[in-house]
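Fold and contact review
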Amino acid sequence: MTQAVIPNLWCNTDAEAAAAFYVSVFGGQRLGEMRYPEGAGPPGIDAGGEICTVDIEIRGSRITLINGYTDPEHTASCSLLVLCEDQADIDRIWQAMLDAGGAELPCGWITDRWGMHWQIVPRRFQEVIDAGDPAALARAFAAMMDMRKLDEARLLAAAGG
């Protein structure tokens, strides 16, 4: 897999659990891991022999999860956008996130139990955005503003007028 930019998601000490969860929800595979060398770790922590990073591939994208031994402060200023093929895919991912301790946010955003922010978006809505029709986009965005989990049919109907 050649990918020039690889998202690196900071975990405290549960990168393995996060990796397993993401692979189970989005599909994909675990690619490998790196362990802290003996006597090494973040400043002041001897994490030698423990998992440092776990690499996964989900939906064709490589992501690295790192155990940094501090609680990260994830904000909405950084999120991962996931394009979904249909409403069933959206519904399945959304429910899996909620069932595992996630929280709904407006406009198709959700956080997982680690606090990472995800945008769960229908691929066909992204196509509306990419098409560049300002009127269709304005109608679709207006519909989206009243949603938490995105409703593909409502978004596309709004875009179509």
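Everything here concerns the structure above.
Overview of the structure.

Turning our eyes to something else, we now look at the nonpolar core. Counting residues in each nonpolar core, the largest one holds 29 residues, and the members touching the most others are Tyr22, Phe26, Ile56, Leu65, Ile93, Trp118 and Ile120. Elements with a contribution of two residues or more to this core: strand 1 (8-11), helix 1 (15-26), strand 3 (51-58), strand 4 (61-67), strand 5 (79-84), helix 2 (87-99) and strand 8 (117-122). A total of 8 residues in this core trace back to one element, the largest contributor, which is helix 1. Not counting chain neighbours up to four residues away, the residues in contact with Tyr22 comprise Leu9, Gly27, Ile56, Ile58, Leu65, Asp112, Trp114, Met116 and Trp118. Cys107, Val121, Ala136 and Ala143 belong to the second largest nonpolar core, which has 14 residues in total.

What the largest pocket holds in volume is close to 230 Å³. At the level of elements, strand 4 and strand 5 are the ones that each hand at least two residues to the lining of the largest pocket. When residues in the lining of the largest pocket are grouped by element, the largest group, 4 residues, is from strand 5. Residue classes in the lining of the largest pocket are distributed as 9 nonpolar, 1 polar and 3 charged.

Moving on, we get to the sheet that holds strand 2 (residues 29-35). Taken in spatial order, the 4 strands of this open sheet run 1-4-3-2, and their pairing is mixed. Edge positions in the sheet fall to strand 1 and strand 2, since each has one partner strand and no second. Looking at each pair of strands side by side, their axes are set apart by 20° on average, direction ignored. Pairing of strand 1 with strand 4 involves 4 bridges; the strand directions are parallel. In the strand pairing of strand 4, Leu9 is matched with Leu65. Along the sheet, helix 1 makes contact with strand 1, strand 2, strand 3 and strand 4, crossing strand 3 at roughly 5°.

Conventions we followed
- Residues numbered from 1 in each chain as written.
- Predicted model: local features only at pLDDT ≥ 70, side-chain atom pairs only at ≥ 80, totals over all residues.
- Heavy atoms only, no water.
- Core = buried A, V, L, I, M, F, W, Y, C linked by side-chain atoms within 4.5 Å.
- Buried < 20%, exposed > 50% of the residue type's maximum accessible area, 1.4 Å probe, protein only.
- Helix = DSSP H or I, 4+ residues; strand = E, 2+ residues; numbered from the N terminus.
- Contact = heavy atoms within 4.5 Å.
- 1 Å grid on protein atoms, 1.4 Å probe; cavity = no way out; pocket = protein on both sides within 12 Å on 5 of 7 lines; lining within 4 Å.
- Points joined across faces, edges and corners; volume = space filled by probe spheres on them.
- Nonpolar A, V, L, I, M, F, W, Y, C, P; charged D, E, K, R; others polar.
- Pairing = 2+ DSSP bridges.
- Axes fitted to C-alpha atoms, helices over the stretch in contact; angles between N-to-C directions.

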